[in-house]
Amino acid sequence: MAMDDAPDPHTLVRILASYLRNNPMARDSAEGIHRWWFSEGIAVRADELDKALRWMKHNGLIEETVAADGRVRYGRCCSDARLDALSRADNGTAAADAP
């Protein structure tokens, strides 16, 4: 996927929700998420990822923690059902207000 074909914010939220559903203990910095949480070939702009992470935090899907090194890490803080609703949403109501 070329940078011009980068996923839209709704798709980013669905990808992140699916990843967190499948990896409930995952915690990483925005840089780590950008590097490791997306399938090869998916180009994600850092500003779009930041927007998706902010939306997910605002909506109680993820939480931020500050590690000993001072870096912010993101991890899941909601139920499987809430993540399932987002990861399976196909531009439906569950993700209608996504970034």
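In this text, all values refer to a predicted model and were calculated from it rather than measured experimentally. (Residues numbered from 1 in each chain as written. Predicted model: local features only at pLDDT ≥ 70, side-chain atom pairs only at ≥ 80, totals over all residues. Heavy atoms only, no water.)

**Q** Sorry, what's going on with the pattern of salt bridges here?
**A** Oppositely charged side chains are able to pair whenever their charged atoms sit close together. If you walk through the whole model with that rule in mind, you get 10 salt bridges. The residue Asp 80 makes a salt bridge to Arg 76 at a minimum N-O spacing of 2.3 Å. (Salt bridge = Lys/Arg side-chain N within 4 Å of Asp/Glu carboxyl O.)

**Q** Can you walk me through the packing of helix 1 (residues 9–22) against helix 3 (residues 46–58) in this structure?
**A** To describe two helices that pack against each other, one gives the angle between their axes and the distance between the axes. Remark: helix 1 packs on helix 3, axes separated minimally by 9 Å, with the N-to-C direction vectors making an angle of 65°. Helix 3 is crossed by helix 1, and the crossing has right-handed handedness. The segment helix 1 lies against helix 3, with Pro 9, Leu 12, Val 13, Leu 16, Ala 17 and Leu 20 engaging Glu 48, Leu 49, Ala 52, Leu 53, Trp 55 and Met 56. Looking at side-chain class alone, the contact of helix 1 with helix 3 contains 11 nonpolar, no polar and 1 charged residues. (Axes fitted to C-alpha atoms, helices over the stretch in contact; angles between N-to-C directions. Helix = DSSP H or I, 4+ residues; strand = E, 2+ residues; numbered from the N terminus. Left-handed = near helix turned anticlockwise from the far one by under 90°. Contact = heavy atoms within 4.5 Å. Nonpolar A, V, L, I, M, F, W, Y, C, P; charged D, E, K, R; others polar.)

**Q** What is the right way to look at the nonpolar core in this model?
**A** General note: in soluble globular proteins, nonpolar side chains tend to be found buried as a group. Among the nonpolar cores identified, the biggest contains 21 residues, and Leu 16, Leu 20, Ile 33, Phe 38, Leu 49, Leu 53 and Met 56 are the most heavily contacted of them. Secondary-structure elements contributing two or more residues to this core are helix 1, helix 3 and helix 4 (80–87). When sequence neighbours within four positions are dropped, the list of residues in contact with Ile 33 reads Leu 16, Asp 28, Phe 38, Leu 49, Leu 53 and Tyr 74. (Core = buried A, V, L, I, M, F, W, Y, C linked by side-chain atoms within 4.5 Å. Buried < 20%, exposed > 50% of the residue type's maximum accessible area, 1.4 Å probe, protein only.)

**Q** I keep staring at the packing of aromatic side chains and nothing clicks. Help me out?
**A** Summed over the entire model, instances satisfying the criterion amount to 1 aromatic pair. Each ring, one from Tyr 19 and one from Trp 37, has its centre 4.4 Å from the other, and the planes form 20°; the classification is stacked. Taken as a pair, Tyr 19 in helix 1 and Trp 37 in the loop between helix 2 (30–36) and helix 3 lie far apart in primary sequence, 18 residues in all. A residue is classified by how much of its surface remains accessible, and Tyr 19, at 24% relative accessible area, is partly exposed. (Phe/Tyr/Trp six-rings, centres within 6.5 Å; stacked < 30°, edge-to-face > 60°.)

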